[in-house]
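One-letter residues, chain by chain:
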Amino acid sequence: MLFGACGLFQVFFIFVAQYLLNVGNHLVVILIPIGATVALFFGVVIIFESFAQVERKKKLKSQFSKSRQKTSKIQKFLHFPIVRPLIITFPIFTILFFSTYGICYTFLNNIMSFLIAENLATLVSLLIANFIEKKYAKIQRI
């Protein structure tokens, strides 16, 4: 499900690049988002696993508590394990992509601006996913 969501997200960027940003090179518009899909999927899985690990710890610690708070449907949806990593990753990627594209477009052509923006946004998204894993879940790797 996470891979499909990342793929659909990149299909949106293929559409934007092809029709709104006028990137004419079909190889760039198709091959770069395929790599970005795999990288974003990896970042989303990292965030998903860190949230799942923290939830497992909380469930083990509060196994015997009886207090349950009522939550609204929107809170249940936002705290659903698959939705939270997507809500974190996709806005970060989108903001970085469009800001980098805007900056690069002033100096470069459409194709190079798209290449740099897509790769930089993917790289920063992976770094943020790694930061979340290290700080939130406090995972120690040997």
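Refer to the structure above for everything that follows.
Procedures and definitions
- Residues numbered from 1 in each chain as written.
- Predicted model: local features only at pLDDT ≥ 70, side-chain atom pairs only at ≥ 80, totals over all residues.
- Heavy atoms only, no water.
- 1 Å grid on protein atoms, 1.4 Å probe; cavity = no way out; pocket = protein on both sides within 12 Å on 5 of 7 lines; lining within 4 Å.
- Points joined across faces, edges and corners; volume = space filled by probe spheres on them.
- Helix = DSSP H or I, 4+ residues; strand = E, 2+ residues; numbered from the N terminus.
- Nonpolar A, V, L, I, M, F, W, Y, C, P; charged D, E, K, R; others polar.
- Axes fitted to C-alpha atoms, helices over the stretch in contact; angles between N-to-C directions.
- Parallel < 35°, antiparallel > 145°, perpendicular 65-115°, else oblique.
- Contact = heavy atoms within 4.5 Å.
- Expected span 1.5 Å × (residues − 1).
- Polar contact = N/O pair within 3.5 Å; in protein donor to acceptor, adjacent residues only side chain to side chain.
- Core = buried A, V, L, I, M, F, W, Y, C linked by side-chain atoms within 4.5 Å.
- Buried < 20%, exposed > 50% of the residue type's maximum accessible area, 1.4 Å probe, protein only.
- Phe/Tyr/Trp six-rings, centres within 6.5 Å; stacked < 30°, edge-to-face > 60°.

A short note on empty space enclosed by the protein
Argument step 1. What the rule picks out here adds up to one cavity of 30 Å³ or more.
Argument step 2. Taken as a whole, the largest cavity holds about 30 Å³ of empty space.
Argument step 3. Lining the largest cavity, in full, are Ile47, Ile88, Thr89, Ile92, Ser125, Ile128 and Ala129.
Argument step 4. Counting residues per element, the ones that place at least two in the lining of the largest cavity are helix H4 (83-105) and helix H5 (110-135).
Argument step 5. Classifying every residue of the lining of the largest cavity by side-chain character gives five nonpolar, two polar and no charged.

Some words on the packing of helix H2 (residues 26-61) against H5
Argument step 1. Following both chains from N to C, one finds H2 and H5 inclined at 10°, their axes separated by 8 Å at the closest point. The angle between H2 and H5 places the two elements in the roughly parallel class. Residues Val28, Val29, Ile32, Pro33, Ala36, Ala39, Leu40, Phe42, Gly43, Ile46, Ile47 and Ser50 of H2 touch H5, and the partners they reach there are Ile111, Phe114, Leu115, Glu118, Asn119, Thr122, Ser125, Leu126, Ala129, Ile132 and Glu133.
Argument step 2. Of the residues that constitute the contact of H2 with H5, the class distribution is 16 nonpolar, five polar and two charged.

Overview of H2
Argument step 1. Between its first and last C-alpha, H2 extends 53 Å over 36 residues, near the 52 Å set by a 1.5 Å rise per residue.
Argument step 2. Backbone nitrogen of Leu27 and a side-chain oxygen of the N-cap are separated by 3.2 Å at the start of H2; the cap is Asn25.

Some remarks on the nonpolar core
Argument step 1. Core analysis: the biggest nonpolar cluster contains 20 residues, and Phe9, Leu21, Val23, Phe93, Phe97 and Phe114 have the highest contact counts within it.
Argument step 2. Mapped onto this core, the elements with two or more residues apiece are helix H1 (2-20), H2, H4 and H5.
Argument step 3. Here this core takes six residues from H1, the largest share from any one element.
Argument step 4. In contact with Phe97, not counting residues within four places along its chain, are Phe13, Leu21, Phe114, Ala117, Glu118 and Ala121.
Argument step 5. Core analysis: the next-biggest nonpolar cluster, separate from the first, contains five residues, Ile47, Phe51, Ala129 and Ile132 among them.

Observations concerning H5
An α-helix turns once per 3.6 residues; consequently, residues spaced three or four apart project the same way.
Argument step 1. Here H5 contains 26 residues, and its C-alpha end-to-end distance of 37 Å stays within 8% of the 38 Å for a straight helix at 1.5 Å per residue.
Argument step 2. For H5, every residue scored as buried is listed here: Asn110, Ser113, Phe114, Ala117, Glu118, Ala121, Thr122, Ser125, Ala129, Ile132 and Glu133.

Some details on the packing of aromatic side chains
Argument step 1. For the structure shown, the criterion picks out 14 aromatic pairs.
Argument step 2. Plain terms: the ring middles of Phe9 and Phe90 are 4.0 Å apart, the flat faces sit at 5° to each other, and that makes the pair stacked. Placement of the pair is Phe9 in helix H1 and Phe90 in helix H4, with a sequence separation of 81 residues. The same class applies to Phe9 and to Phe90, which are both buried.
Argument step 3. The interplanar angle of 50° and the centroid separation of 5.2 Å between the aromatic rings of Phe15 and Tyr19 together place this pair among those described as tilted. Of the two residues, Phe15 and Tyr19 are both situated in helix H1; the distance of four residues between them amounts to about one turn of the helix.

In short, the description is geometric, and any link to function would need to be established separately.
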